[in-house]
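Here is how the chains run, residue by residue.
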Amino acid sequence: MTDEIITQRLSAEGADPLILTGVNDSNLVELQRVTGARVALRGDALTISGGTDTVERAVAIAQRMIDTARQRAPLESDDVLRLSLEASRDGTGADYRIALPGVRRIIQPKTPGQALYLKAIAEHDIVIGIGPAGTGKTYLAVAAAVDALSRKRVKRIILARPAVEAGESLGFLPGDLQAKVDPYLRPLYDALEDMMPADRMQKALETRVIEIAPLAYMRGRTLNDAFVILDESQNATNAQMKMFLTRLGANSQTVITGDKTQIDLPKREESGLLQIERILSHIEGIAIHYLSDVDVVRHRLVREIIRAYAEDLGA
C-alpha cells in the first residue's frame, strides 16, 4: 500500500522570495532533492506535497528556510543541505542565537554541534572547541565575544593566535614585525568585519577595546574584564598554552579553538592543545566541545575533503 499523498502550505509572508528560493530556485530544488517532496512557492505560500513522512520532514526544513529569509540572512543550497542534516539530529541548544544590532544580523548555529558549542560558551568560563576547518569554531567564538562586549558583560575583547610558520618563512615577508604577523591574524579581522560596522571596529581597535595580537604578546599580562580567544591553539606549545591560561583575570572568559589535524609545530607532542585536552577535562567550569565534519558550514566539498583525508590517515 502506498503512502497517502498530502499537501501542506506554509506562510512565507515577510520572507525575501529570492533568498528563500535561491538563484534559479536552487534552494527549492535542493529541498526537493534531500526530502523527495514536491515544493513550489506561490505568492506568500510555500506548498509542499508528498507522502506523510516526507512532507513532515520537508516542512521542518522549509520553516527554518522561511525564518532565515525573513531575517534577510544568506541562504544557499549548501545551507538547505545542512538544515536537512540538522533535522535528523538532536537539536539541543538550538535557541542559542546572537543578535548583532550594529550590522542588523542574527548569528545562529547551523548544526546541532554548533548550537551545543554556543551553549557551552554561554555556560562556562573556559571552553575548548576542537574540530576540523570550516566548522565555525572561530567565527562563533568571535560572535559571542562581540555580543558580550555590546551587552557590557566585558570591557574588551582580546584575540590571539600563535604566529607559527606553516611552510612559509616570516623572515622573508616584507615590513616590520606587525606587518609580518598580520597575515596570521587576518582571519580574526575578517570575522570582526562581518559582525561590526567598520567605523565602530576601527575605533575599538584604536582604543584597544579590541586587541588582535600574536600569542607571544600575552606574556606577563593579567586579562581582567575580557573575552579572550586563542585561535589555532594546536600551534601553541605546552609552555605557551600554560602561559596563556594563567593570564585569565577577574570577570573574564576564554575560548580556545583548534584543529588537531593541522599541527604545524616541529614535534606534534609539543602541542598545548593536545596537553590541555588530556589534563583539563575534569575541572569544573571548563568545557571541551568537539565539532566534526558534520558541522562543516563551508562548501559541501570541504566536508568530503576532510573525510577523505581522515580515511587516508586511518588507512
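Up top is the structure.
Residues numbered from 1 in each chain as written. Predicted model: local features only at pLDDT ≥ 70, side-chain atom pairs only at ≥ 80, totals over all residues. Heavy atoms only, no water.

Undergrad: I keep staring at the overall build of the chain and nothing clicks. Help me out?
TA: A count of helical and extended segments in the chain gives 11 helices and 11 strands. Taken across its 315 residues, the chain has 47% of its residues classed as buried. Counting every atom, the chain has about 16,200 Å² of accessible surface; 51% of that belongs to carbon and sulfur. (Helix = DSSP H or I, 4+ residues; strand = E, 2+ residues; numbered from the N terminus. Buried < 20%, exposed > 50% of the residue type's maximum accessible area, 1.4 Å probe, protein only. Areas by Shrake-Rupley, 256 points an atom, 1.4 Å probe, with all protein chains shown as cover.)

Undergrad: Explanation requested: the nonpolar core in the structure shown.
TA: Soluble globular proteins tend to pack their nonpolar side chains together in the buried interior. Ranked by internal contacts, the top residues of the largest apolar core, which has 36 residues, are Leu 192 and Phe 227. Considering every element that reaches this core, the biggest residue donor is helix H6 (residues 137–150), with nine residues. Counting 22 residues, the second largest nonpolar core, distinct from the first, contains Ala 12, Ala 15, Ile 66 and Leu 83. (Core = buried A, V, L, I, M, F, W, Y, C linked by side-chain atoms within 4.5 Å.)

Undergrad: Is there a simple way to explain the packing of helix H2 (residues 26–35) against helix H3 (residues 52–70) in this structure?
TA: Contact pair H2 / H3: the axes reach a minimum separation of 10 Å and the direction vectors enclose 150°. The pairing of H2 with H3 is recorded here as roughly antiparallel in orientation. H3 is crossed by H2, and the crossing has right-handed handedness. Packed against H2, whose contacting residues are Asn 27, Leu 28, Leu 31, Val 34 and Thr 35, the element H3 presents Thr 54, Arg 57, Ala 58, Ile 61, Ala 62 and Met 65 at the interface. Split into classes, the residues belonging to the contact of H2 with H3 amount to seven nonpolar, three polar and one charged. (Axes fitted to C-alpha atoms, helices over the stretch in contact; angles between N-to-C directions. Parallel < 35°, antiparallel > 145°, perpendicular 65-115°, else oblique. Left-handed = near helix turned anticlockwise from the far one by under 90°. Contact = heavy atoms within 4.5 Å. Nonpolar A, V, L, I, M, F, W, Y, C, P; charged D, E, K, R; others polar.)

Undergrad: What am I meant to see in the side chain of Lys 137 here?
TA: Inspection of the secondary structure assignment puts Lys 137 in helix H6. It turns out Lys 137 is buried and unbridged, and the closest side chain with the opposite charge, Asp 259, is 5.3 Å from it. Among the polar contacts listed, one links the side chain of Lys 137 to the backbone oxygen of Pro 132, at a separation of 3.0 Å. Not counting chain neighbours up to four residues away, the residues in contact with Lys 137 comprise Tyr 117, Gly 129, Ile 130, Gly 131, Pro 132, Thr 257, Gly 258 and Leu 291. (Lys, Arg positive; Asp, Glu negative; His and termini not counted. Salt bridge = Lys/Arg side-chain N within 4 Å of Asp/Glu carboxyl O. Polar contact = N/O pair within 3.5 Å; in protein donor to acceptor, adjacent residues only side chain to side chain.)

Undergrad: I keep staring at the sheet that holds strand E1 (residues 5–11) and nothing clicks. Help me out?
TA: Backbone hydrogen bonds are what pair the strands of a sheet, in a parallel or an antiparallel way. The strand order across the open sheet built from three strands is E1-E3-E2, with neighbouring strands paired in antiparallel fashion. If you trace the sheet from one side to the other, it starts and ends with E1 and strand E2 (38–42), each paired once. Across the sheet, the mean angle separating the axes of adjacent strands is 20° when strand polarity is ignored. The pairing of E1 with strand E3 (residues 45–51) spans seven bridges and is antiparallel. Its bridge partner being in E3, Ser 11 is matched across the sheet by Ala 45. (Pairing = 2+ DSSP bridges.)

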